[in-house]
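Chain by chain, the residues run as shown.
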Amino acid sequence: MNKKNEMSAANVDVLVETEESVVNLSDFALFLSVMKNEEAHRNILSIITDNKNLKLQKVHVEEVVLNKSGKRAIRLDAWAVDMDDRYYATEMQNDTDQDDVRKRSRFYQGLLDTPILKSGRETRYRNLPSSMITFITQDDIFGRDRAIYTFTERCEEVPELYLDDGTKKIFLNMSSRNGRPELVSLLQYMKNTTLDNPDITCRDERILDVDRVVQEVKQSEEWEAVRMSILSRGFELGKAEGRKVGEAEGRAKGRVEGKAEGKIEGRLEGQIAAHGDMILELLEEYGSIPDTVRNRIRNEKDLEILKVWSKTAAKSVSVDDFIKRIGEESC
């Protein structure tokens, strides 16, 4: 996947929420940018796992895992490997109302193991490393008011008998205050990313270190490039109109800098074009796009519909899957 497509996929969630001006760690683009930092990644995993001595040997962000046909199956937000060769995949999920995250975790687990079993060597399942998949959510998908839900496989007939297959799934819930103080404080920090947040009741040194990285990222040229790329296409189209009354438009989350009336039309056209380009770029990862689908996307002028399609394209696993999804959404 080329850099342009990576940027489009990483910023779908940021792009569609154009009214919010404050960027928090729960926002997809900032989360990925911070998790590139090994120390921040370690501190976040250390709090989640309740292991202050956790050490990592490898860190990646936005890793694409392919299915057996060689097409993109999932995109892992951030993943790491510790010194014991245990794998950690961490996902920021802000659209739990759009899909079943529990079944999504099942799908992720299988595909996380796939590259290890595709090495061409004789399969030795005992060599599969342990893994932990974490979904960080804004809402309580289980309704039990817990900040953390941890799942492992065990026998129904003999509850104390665990399968011990090396897998663990964790769901973090930003809406609850019931959990370890440092974990709850980390989740509240992700939700409202400032140390002045009154919901941060435990000023753990690891949270302070994460905040330091957040501030460094926000002041970096790389972050500015991310912000500038969110609606780069819309920026180009709307800039000519907007320059009559103000400076460059379309920075973070598709908003236009300046409030002059003369920029409104250019901004709208830019956002429509940007969403269309983003949808096509994401779908092109799967192969050829039928002309009927391409024309339908290009001819759609309703921005709200394009916002929905942008999210749909990011979650789809093929062009056919996208076509099916938008067909169901229009019913």
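Residues numbered from 1 in each chain as written. Predicted model: local features only at pLDDT ≥ 70, side-chain atom pairs only at ≥ 80, totals over all residues. Heavy atoms only, no water.

**With respect to the overall build of the protein chain**
Consideration 1: In terms of helices and strands, the protein chain carries 13 helices and six strands.
Consideration 2: In the protein chain, buried positions account for 47% of the 331 residues.
Consideration 3: Per element, the accessible surface of the protein chain, about 16900 Å² overall, is 45% carbon and sulfur. (Helix = DSSP H or I, 4+ residues; strand = E, 2+ residues; numbered from the N terminus. Buried < 20%, exposed > 50% of the residue type's maximum accessible area, 1.4 Å probe, protein only. Areas by Shrake-Rupley, 256 points an atom, 1.4 Å probe, with all protein chains shown as cover.)

**A closer look at the confidence of the model for the protein chain**
Consideration 1: Of the residues in the protein chain, 72% reach a pLDDT of 70 or more, and the chain-wide mean stands at 78.
Consideration 2: Between residues 233-237, whose pLDDT stays under 50, and residues either more than four places distant or in other chains, the model counts 13 contacts. (pLDDT = per-residue confidence, 0-100. Contact = heavy atoms within 4.5 Å.)

**Concerning the pattern of salt bridges**
Consideration 1: Using the criterion set out here, one finds 11 salt bridges in the structure.
Consideration 2: Across the pair Arg180 and Glu182 runs a salt bridge whose closest N-O atoms are separated by 3.0 Å.
Consideration 3: By relative accessible area, which is 22% here, Arg180 ends up partly exposed.
Consideration 4: In this structure, Asp277 engages Arg298 in a salt bridge whose closest nitrogen and oxygen atoms are separated by 2.8 Å. Placement of the pair is Asp277 in helix 10 (residues 264-284) and Arg298 in helix 11 (residues 291-299), with a sequence separation of 21 residues.
Consideration 5: By relative accessible area, Arg298 is classed as partly exposed at 40%.
Consideration 6: Three or more residues joined by partner-sharing salt bridges are found here, namely Asp50, Arg180 and Glu182. (Salt bridge = Lys/Arg side-chain N within 4 Å of Asp/Glu carboxyl O.)

**A look at the nonpolar core**
Consideration 1: Core analysis: the biggest nonpolar cluster contains 39 residues, and Leu25, Leu30, Val34, Ile44, Ile136, Leu187 and Met190 have the highest contact counts within it.
Consideration 2: For this core, the element with the most residues is helix 3 (residues 28-35), which contributes seven residues.
Consideration 3: What Met190 contacts, discounting residues up to four positions off in sequence, is Asn24, Leu25, Ser26, Ile44, Met92, Ile136 and Met174. (Core = buried A, V, L, I, M, F, W, Y, C linked by side-chain atoms within 4.5 Å.)

**Topic: the packing of helix 3 against helix 7 (residues 205-218)**
Consideration 1: In the contact formed by helix 3 and helix 7, the axes pass within 10 Å of each other and the chain directions differ by 110 degrees. Taken together, the axes of helix 3 and helix 7 are roughly perpendicular relative to one another. Judged by residue contacts, Leu30, Ser33 and Val34 of helix 3 engage Val213, Val214, Val217 and Lys218 from helix 7.
Consideration 2: Its residues assigned to classes, the contact of helix 3 with helix 7 shows five nonpolar, one polar and one charged. (Axes fitted to C-alpha atoms, helices over the stretch in contact; angles between N-to-C directions. Parallel < 35°, antiparallel > 145°, perpendicular 65-115°, else oblique. Nonpolar A, V, L, I, M, F, W, Y, C, P; charged D, E, K, R; others polar.)

**A short note on the packing of helix 4 (residues 38-49) against helix 7**
Consideration 1: Between helix 4 and helix 7, whose axes approach to 9 Å, the crossing angle comes to 145 degrees. For the pair helix 4 and helix 7, the sense of crossing is left-handed. Across the interface between the two elements, Ala40, Asn43, Ile44, Ser46 and Ile47 from helix 4 touch Arg206, Ile207, Asp209, Val210 and Val213 from helix 7.
Consideration 2: The residue inventory of the contact of helix 4 with helix 7, partitioned by class, reads six nonpolar, two polar and two charged. (Left-handed = near helix turned anticlockwise from the far one by under 90°.)

**Quick notes on the environment of Val317**
Consideration 1: Summarising the element assignment, Val317 is placed in the loop between helix 12 (303-315) and helix 13 (319-329).
Consideration 2: Taking the C-alpha atoms as reference points, Val317 and Leu283, 34 residues apart in sequence, are found 8.9 Å from one another.

**Quick notes on the packing of aromatic side chains**
Pairs of aromatic rings are described using the distance from one ring centre to the other and the angle between the two planes.
Consideration 1: Overall, the coordinates contain six aromatic pairs when judged by the stated rule.
Consideration 2: Ring geometry for Phe135 against Phe171: centres 5.7 Å apart, planes inclined by 15 degrees, an arrangement best described as stacked. Of the two residues, Phe135 is situated in strand 4 (residues 131-137) and Phe171 in strand 6 (residues 167-173); the sequence distance between them amounts to 36 residues. Phe171 carries the same exposure label as Phe135, and that label is buried.
Consideration 3: Seen in terms of ring centroids, Phe142 and Phe171 are 5.2 Å apart; in terms of plane orientation they differ by 80 degrees. Their pairing is edge-to-face. Remark: Phe171 occurs in strand 6 and Phe142 occurs in the loop between strand 4 and strand 5 (148-151); sequence separation between them is 29 residues.
Consideration 4: Using a relative accessible area of 22% as the deciding quantity, one classes Phe142 as partly exposed.
Consideration 5: Counting every residue linked through ring pairs, the aromatic cluster contains Phe135, Phe142, Tyr149, Phe151 and Phe171. (Phe/Tyr/Trp six-rings, centres within 6.5 Å; stacked < 30°, edge-to-face > 60°.)

**Regarding the environment of Asp145**
Consideration 1: Position of Asp145 among the secondary structure elements: in the loop between strand 4 and strand 5.
Consideration 2: Its relative accessible area of 39% is what places Asp145 among the partly exposed residues.
Consideration 3: Sequence separation between Asp145 and Met174 is 29 residues, and the spatial gap between their C-alpha atoms is 9.9 Å.
Consideration 4: Ignoring any residue separated from it by four or fewer positions in sequence, one finds Asp145 in contact with Asp140, Ser176, Arg177 and Asn178.
Consideration 5: Within the structure, the side chain of Asp145 is placed 2.8 Å from the side chain of Asn178, a separation counted as a polar contact. (Polar contact = N/O pair within 3.5 Å; in protein donor to acceptor, adjacent residues only side chain to side chain.)

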